[in-house]
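Overview (structure and organization)
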Amino acid sequence: MFRKLILAGFTMLLMCCSSVKYMGYICDATFSPPKKNTIVMEDGYTTTYFSINKGKGKPDKVIFFISGSGYNSIKYYLKHYFSTLKGNYKIYALQKRYISSWTTEIFRKPSKQFNEHNYFDVWVTDQNYFINKILNGEGSNYEKMILFGVSEGGTTAAKIATINNKISNLVIVGSGGIKFEEELRILIKNSGMAVDLDALYIDIKESPSNIERTFYGHPYKYWNSVLFLDPMEFYNKITVPILVAQGEYDTSTPIESGRFLRDEFNKLGKTNLTFMEYKGADHILKNENGNEGLKDFYEKMNEWLK
C-alpha cells in the first residue's frame, strides 16, 4: 500500500512538471482548488458548484459563470480563466449534472446519465435555480450581479437573462446571434470538410432523444436541443447591458455570428449591446503570438461595469 502511495505521488509530480498546459490546470486544481460545495436542485438531484474570491476587499460584484461544452470538471480551469481579472468579485460556477469534481474527458468518455441530461432546457433550469438559490441565501449585497456565458454557455446565459430579473449585466465570450445550424454551415465550409448537413439535420430531427447516435462527439439529443434555437429571440428581450467579445479567427463560433448580433442591435436601434471583436484572436481571445486577450477584455469589462 505504501509503495502504491509513493508511486501515485511520483506520478502526480511528473504530471505537474509536464509542459502540457492542461496538466498544469490539473495540478493547480489539485493543490490549489476553488472552493467546492454541493446544492440540491429543485428535483432533488445533488450537484456540485465551485466558487472563488477575487481581490482583497469585500466582493461588491458577483459573477455566475456558465461554461462551454465538454465533459470536464469546472474545477480544472475556473481559477485560471479568471486569473487576470482585477477587482473585488465573488465568482460562482455550477457543474453540469453527472460530472464529478475530478471528471476529465482525457481519461473517460461521457456517461449515459450525462448524455441523458446534457441539453439546453436542463442547463437553463439548473442555472436559473442555482442563481436564485445563491442570491436568496446571501441577499442582494452586490452592486452588480453579472451573468457570464462562454461559448455554448452564451445562449444559455442569454435565455436566463430574459427570465431572471436579478441579473444586472450580461457578459458573453465566444458566442453570437446566429442559429447554431447556420454557424455549423459556416464552420464546415471554412474547414473544407464534406458533410451533408441537410441530411444530418433531418436525421437529428427524426431522432431528437437519441443518445447513441453522435456527431462531432455529441449525441443527437444534445444537437437537437441547440441547433435550431434562435439566440435573437432571447437577445431581443434583454433590457440589461450586454457585453459580447469574440475573436476574429474563432474556429468554434464563426465571427459572423458576433457581427450579426451587433448588426441586428444597430438595425433595431437598441443601445444596450457593446460588441468587441479581437483581431487575429481565437475562441478564447488568444492571438497567434500567444497574447491573452482575456486580460484586456477584463480591463474593459471593469470600465464597462462602472
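What this report covers is the structure whose coordinates are included nearby. (Residues numbered from 1 in each chain as written. Predicted model: local features only at pLDDT ≥ 70, side-chain atom pairs only at ≥ 80, totals over all residues. Heavy atoms only, no water.)

**A short note on the overall build of the protein chain**
- Helix and strand counts for the protein chain stand at 12 helices and 10 strands.
- Relative to its 306 residues, the protein chain shows a buried fraction of 51%.
- For the protein chain, long-range pairs separated by at least 24 residues make up 70% of all intrachain contacts whose partners lie at least 6 apart in sequence.
- Approximately 15300 Å² of the protein chain is accessible, and the part contributed by carbon and sulfur atoms is 52%. (Helix = DSSP H or I, 4+ residues; strand = E, 2+ residues; numbered from the N terminus. Buried < 20%, exposed > 50% of the residue type's maximum accessible area, 1.4 Å probe, protein only. Contact = heavy atoms within 4.5 Å. Areas by Shrake-Rupley, 256 points an atom, 1.4 Å probe, with all protein chains shown as cover.)

**Here we look at helix α5 (residues 120-138)**
- In this model α5 runs 27 Å from its N-terminal to its C-terminal C-alpha over 19 residues, within 8% of the 27 Å that 1.5 Å per residue would give.
- Those residues of α5 that fall on the buried side of the exposure criterion are Phe 120, Val 122, Trp 123, Val 124, Asp 126, Gln 127, Asn 128, Phe 130, Ile 131, Asn 132, Ile 134 and Leu 135. (Expected span 1.5 Å × (residues − 1).)

**Considering the packing of aromatic side chains**
- All told, the structure shown has 26 aromatic pairs when counted by the stated rule.
- Between the aromatic rings of Phe 148 and Tyr 298, the centroid separation amounts to 6.5 Å while the plane-to-plane angle is 50°, which identifies the pairing as tilted. You can see Phe 148 sitting in strand β5 (residues 144-150) and its partner Tyr 298 sitting in helix α12 (residues 293-305), a full 150 residues away along the chain.
- Between the aromatic rings of Phe 215 and Trp 223, the centroid separation amounts to 5.7 Å while the plane-to-plane angle is 55°, which identifies the pairing as tilted.
- Three or more aromatic residues link up through ring pairs in this structure, and these residues are Phe 120, Trp 123, Phe 180, Phe 215, Tyr 216, Tyr 222, Trp 223 and Phe 234.
- We note Lys 75 situated over the ring of Trp 102; from NZ or CZ to the ring centre the distance is 3.1 Å. (Phe/Tyr/Trp six-rings, centres within 6.5 Å; stacked < 30°, edge-to-face > 60°. Lys NZ or Arg CZ within 6 Å of the ring centre and 35° of its normal.)

**Some words on the packing of α5 against helix α6 (residues 152-163)**
- Remark: α5 packs on α6, axes separated minimally by 10 Å, with the N-to-C direction vectors making an angle of 55°. In terms of axis orientation, α5 runs oblique to α6. Here α5 runs over α6; the crossing is right-handed. Facing α5, whose interface residues are Phe 120, Trp 123, Val 124, Gln 127, Asn 128 and Ile 131, α6 presents Glu 152, Thr 155, Thr 156, Lys 159, Ile 160 and Ile 163.
- The residue makeup of the contact of α5 with α6, split by class, is 6 nonpolar, 4 polar and 2 charged. (Axes fitted to C-alpha atoms, helices over the stretch in contact; angles between N-to-C directions. Parallel < 35°, antiparallel > 145°, perpendicular 65-115°, else oblique. Left-handed = near helix turned anticlockwise from the far one by under 90°. Nonpolar A, V, L, I, M, F, W, Y, C, P; charged D, E, K, R; others polar.)

**Re helix α11 (residues 255-268)**
- If you check α11, its first and last C-alpha atoms are 20 Å apart, about what 14 residues at 1.5 Å a residue would give, namely 20 Å.
- Among the residues of α11, those classed as buried are Ile 255, Ser 257, Gly 258, Leu 261, Glu 264 and Phe 265.
- Where α11 is buried, its residues touch α7 (180-191), α10 (231-235), β9 (242-247) and β10 (273-278).
- Trailing α11 by a residue or two, Gly 269 shows a phi angle of about 75°, which is positive.

**Here's the deal with unusual backbone geometry**
- Not every positive phi belongs to a glycine, and Tyr 98 is a case in point at roughly 60°.
- Assignment of secondary structure puts Tyr 98 in the loop between β4 (89-94) and α4 (112-117).
- Overall, the relative accessible area of 30% leaves Tyr 98 in the partly exposed class.
- Even without being a glycine, Leu 285 presents a positive backbone phi close to 65°.

**Things to note about the pattern of salt bridges**
- Following the criterion strictly, the structure yields 16 salt bridges and no others.
- Glu 182 is the salt-bridge partner of Arg 185, the closest N and O atoms lying 3.7 Å from each other. With Arg 185 and Glu 182 both in helix α7 and 3 residues apart, this pair spans about one turn of that helix.
- For Glu 182, a relative accessible area of 35% corresponds to the partly exposed category.
- Two residues, Asp 263 and Arg 262, come together in a salt bridge whose shortest N-O distance is 2.9 Å.
- Bridged by salt links that share partners, the residues Asp 43, Arg 97 and Asp 126 form one connected network. (Salt bridge = Lys/Arg side-chain N within 4 Å of Asp/Glu carboxyl O.)

**Considering the nonpolar core**
- Among the nonpolar cores identified, the biggest contains 51 residues, and Phe 64, Leu 147, Leu 170 and Tyr 235 are the most heavily contacted of them.
- No other element matches α5, which puts 7 residues into this core.
- Apart from the residues lying within four places of it in its own chain, the contact partners of Tyr 235 are Gly 154, Ala 158, Leu 170, Ile 172, Gly 176, Ile 242, Leu 261, Phe 265 and Lys 270.
- The next biggest cluster of nonpolar side chains, apart from the first, holds 29 residues, and it includes Phe 50, Tyr 298, Met 301 and Leu 305. (Core = buried A, V, L, I, M, F, W, Y, C linked by side-chain atoms within 4.5 Å.)

**Observations regarding the sheet that holds strand β3 (residues 61-66)**
- Spatial strand order, β1-β2-β4-β3-β5-β6-β9-β10: 8 strands in an open sheet with mixed pairing. Sheet topology places β1 (35-40) and β10 at the edges, where each strand pairs with a single neighbour. Recorded for the sheet is a direction-independent mean angle of 20° between the axes of neighbouring strands.
- Taken together, the 4 bridges between strand β6 (residues 169-173) and β9 define a ladder with parallel strand orientation. Across the sheet, the residue bridging to Val 173 is Ala 245, located in β9.
- Its contacts with the sheet put α6 on β3, β5 and β6, and the angle it makes with β5 is roughly 145°.
- Together, β9 and β10 form the strand contacts of α11, whose direction differs from that of β10 by roughly 150°. (Pairing = 2+ DSSP bridges.)

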